[in-house]
Amino acid sequence: MSEVVIVNAENQILGRMATNVVKLLKEGKKVVIVNAEKAVISGPKSRVIAGYKLYFSLRTLFNPEKQGVRRSRSPINIVKRTIRGMLPKTPKGRQMLKSVKVYIGVPQQYNGKNFISFPDADVKRLKGKYITVGELAKEMGWKVYVRATGQ
């Protein structure tokens, strides 16, 4: 059975974290990412949101009335989509994507486990402004569904 690596995305730059995750996947490891909504994207808030919302206005030439490109709104899918873009576009790349699990917060089965974070992806490297993936998701229309866990 392959080794499972648990990555804490809190205060990690999304793109740099994704490249490190892809390296782990290429080594044959399974990767679990927790706190996906706390990863950061560098750039002023307005510019980052405008860049992501740009895809909502795209239409197709075949049928301009129909909505064009679909864009994921949840933090889980934003993180997974970033990783997917860095994987090879082959059957092996698709298989690697299946070995990635992304969670909002920390699920109970991973409480108390050792998390890793990448020093080269730390938010302290950024000099300018940034936005978290959770804030971006809310701006794009993601509705937070709270599970009835008794908390």
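Residues numbered from 1 in each chain as written. Predicted model: local features only at pLDDT ≥ 70, side-chain atom pairs only at ≥ 80, totals over all residues. Heavy atoms only, no water.

Caption draft 1: Inspection of the overall build of the protein at higher detail. Looking only at helices and strands, the protein has five helices and five strands in total. If you list the helices and strands of the protein from N to C, you get β-α-β-β-α-α-α-β-β-α. What you see for the protein is a C-alpha radius of gyration of 16 Å, in line with the 15 Å of a compact globule of 151 residues. In terms of overall dimensions, the protein has C-alpha extents of about 50 × 40 × 40 Å along its principal axes. (Helix = DSSP H or I, 4+ residues; strand = E, 2+ residues; numbered from the N terminus. Rg over C-alpha atoms; globule rule 2.2 N^0.38 Å.)

Caption draft 2: Local environment of the packing of helix α1 (residues 14-26) against helix α3 (residues 75-86). Their axes nearest at 9 Å, the elements α1 and α3 cross at an angle of 60°. It follows that α1 is oblique to α3 by the angle criterion. The interaxial crossing formed by α1 with α3 has right-handed handedness. Where α1 approaches α3, its residues Leu14, Gly15, Met17, Ala18, Thr19, Val21, Val22 and Leu25 are matched on the opposing element by Ile78, Val79, Thr82, Ile83 and Met86. Classifying every residue of the contact of α1 with α3 gives 10 nonpolar, three polar and no charged. (Axes fitted to C-alpha atoms, helices over the stretch in contact; angles between N-to-C directions. Parallel < 35°, antiparallel > 145°, perpendicular 65-115°, else oblique. Left-handed = near helix turned anticlockwise from the far one by under 90°. Contact = heavy atoms within 4.5 Å. Nonpolar A, V, L, I, M, F, W, Y, C, P; charged D, E, K, R; others polar.)

Caption draft 3: Molecular detail of the environment of Val32. Following the sequence through the fold, Val32 ends up in strand β2 (residues 30-34). Using a relative accessible area of 5% as the deciding quantity, one classes Val32 as buried. Setting aside residues up to four positions removed in sequence, Val32 forms contacts with Val4, Val5, Ile6, Val7, Lys101, Tyr103 and Tyr110. (Buried < 20%, exposed > 50% of the residue type's maximum accessible area, 1.4 Å probe, protein only.)

Caption draft 4: Quick look at α3. If you check α3, its first and last C-alpha atoms are 17 Å apart, about what 12 residues at 1.5 Å a residue would give, namely 16 Å. The inward-facing, buried residues of α3 contact α1, β2, α2 (45-53), α4 (91-98), β4 (100-102) and α5 (133-139). (Expected span 1.5 Å × (residues − 1).)

Caption draft 5: Broad picture of the side chain of Thr132. Note that Thr132 resides in strand β5 (residues 130-132). Within the structure, the side chain of Thr132 is placed 3.2 Å from the backbone nitrogen of Glu135, a separation counted as a polar contact. Setting aside residues no more than four positions away along its own chain, Thr132 makes contact with Glu37, Ala39 and Val40. (Polar contact = N/O pair within 3.5 Å; in protein donor to acceptor, adjacent residues only side chain to side chain.)

Caption draft 6: Up close: the sheet that holds β2. Pairing within the open sheet is parallel, and its three strands lie in the order β1-β2-β4. Edge strands, defined here as strands with exactly one partner in the open sheet, are β1 (4-8) and β4. Geometrically, the sheet is characterised by an average inter-axis angle of 15° between neighbouring strands, direction not taken into account. Here three bridges tie β2 to β4, and the two strands are oriented parallel to one another. Across the sheet, the residue bridging to Val32 is Lys101, located in β4. Sitting on the sheet, α3 touches β2 and β4, and the angle it makes with β4 is about 150°. (Pairing = 2+ DSSP bridges.)

Caption draft 7: Spotlight on the environment of Met140. Its place among the elements puts Met140 in the segment after α5. Separated by 90 residues in sequence, Met140 and Ala50 place their C-alpha atoms 9.7 Å apart.

Caption draft 8: Spotlight on α1. For α1, which comprises 13 residues, the first-to-last C-alpha distance of 18 Å matches the rise-based estimate of 18 Å (1.5 Å per residue) to within 8%. Phi for Gly28, located one or two positions after α1, is positive at around 90°.

Caption draft 9: Quick peek at the nonpolar core. Counting residues in each nonpolar core, the largest one holds 35 residues, and the members touching the most others are Met17, Ile33, Ile83 and Leu136. The dominant element in this core, judged by the number of residues it contributes, is α1, at seven residues. Ignoring any residue separated from it by four or fewer positions in sequence, one finds Ile83 in contact with Ala18, Val21, Val22, Leu25, Ile33, Leu97 and Val100. (Core = buried A, V, L, I, M, F, W, Y, C linked by side-chain atoms within 4.5 Å.)

Worth remembering: the numbers are spatial, not functional.
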